[in-house]
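If you want the building blocks of each chain, they are given just below.
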Amino acid sequence: MIYKDFYPFYTSYANPLIYRGEKEQEEEFFLMKSYYPDTARKIQEKVEEECDLQDYEGSRLYDEYPDRFMLYHLGRKIVDEVRSEADMEAMSDGLLGDLVEVLLFHEISRRRCRRRRCRGDFYR
């Protein structure tokens, strides 16, 4: 088969729109995060800081089945850090702990999905 125009082989695999979906998803997440109430926003910042510290190759966050006990203690650590702030003192222990755990589990899930996409582990 003969082509009139030269078409290099390497351009056939270069799709500039391949990561557009992930970028749109991240922008949507940041937009929704901007709507959080102040209390939840402060907790989310602490959760992201703690997840940044735990984000390394071989981390327990990326185990196939994360340990519930480890996640519970990570949440308790964040609750202890957040409790000292004045806004959080009015919140009951159970409510604050539940909010921290929900935000923590969501952040870990988001990071796990992003890592799986970036590493190309689509078969899981």
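Refer to the preceding data block for the structure.
Read on for a plain summary of the structure. As the structure is a computational prediction, the values presented were derived from the model and not from experiment.

## Quick look at helix H3 (residues 68-83)
The end-to-end C-alpha separation of H3 is 22 Å, in line with the 22 Å expected for 16 residues at 1.5 Å each. Turning to H3, its buried residues number three or more, namely Met70, Leu71, Leu74, Gly75, Ile78, Val79 and Val82.

## Examining a nonpolar patch on the surface
A contiguous nonpolar surface patch, about 320 Å² in accessible area, is contributed by Leu31, Met32 and Tyr35. Residue position: Met32 is located in helix H1 (residues 20-34).

## Considering the nonpolar core
Core analysis: the largest hydrophobic core is formed by 17 residues, its most contacted members being Ile43, Val47, Leu61, Leu96 and Leu104. Listing elements by their share of this core, those giving two or more residues are helix H2 (38-54), H3 and helix H5 (93-119). If one sorts the elements of this core by residue count, H3 sits on top with 6 residues. Those residues within four positions of Val47 in sequence are excluded, and the remaining contacts are Ile78, Val100, Leu103, Leu104 and Glu107.

## Concerning the side chain of Arg112
Mapped onto the elements, Arg112 comes out in helix H5. Here Arg112 is buried and forms no salt bridge, its nearest opposite-charge partner Asp63 lying at an N-O distance of 6.8 Å. Apart from residues no more than four positions distant in its own chain, Arg112 is found in contact with Leu61, Tyr62, Asp63, Glu64 and Pro66.

## Some words on the packing of H1 against H2
Interaxial distance between H1 and H2 falls to 10 Å at its minimum, and their mutual angle equals 135 degrees. With respect to H2, the axis of H1 lies oblique. Contact residues: Phe29, Lys33 and Ser34 in H1; Arg41, Gln44 and Glu48 in H2. Counted by class, the contact of H1 with H2 contains 1 nonpolar, 2 polar and 3 charged residues.

Cut-off values and rules
- Residues numbered from 1 in each chain as written.
- Predicted model: local features only at pLDDT ≥ 70, side-chain atom pairs only at ≥ 80, totals over all residues.
- Heavy atoms only, no water.
- Helix = DSSP H or I, 4+ residues; strand = E, 2+ residues; numbered from the N terminus.
- Expected span 1.5 Å × (residues − 1).
- Buried < 20%, exposed > 50% of the residue type's maximum accessible area, 1.4 Å probe, protein only.
- Patch = residues over 30% accessible without salt bridge, like charges linked within 9 Å, V, L, I, M, F, W, Y side chains within 5 Å.
- Areas by Shrake-Rupley, 256 points an atom, 1.4 Å probe, with all protein chains shown as cover.
- Salt bridge = Lys/Arg side-chain N within 4 Å of Asp/Glu carboxyl O.
- Core = buried A, V, L, I, M, F, W, Y, C linked by side-chain atoms within 4.5 Å.
- Contact = heavy atoms within 4.5 Å.
- Lys, Arg positive; Asp, Glu negative; His and termini not counted.
- Axes fitted to C-alpha atoms, helices over the stretch in contact; angles between N-to-C directions.
- Parallel < 35°, antiparallel > 145°, perpendicular 65-115°, else oblique.
- Nonpolar A, V, L, I, M, F, W, Y, C, P; charged D, E, K, R; others polar.

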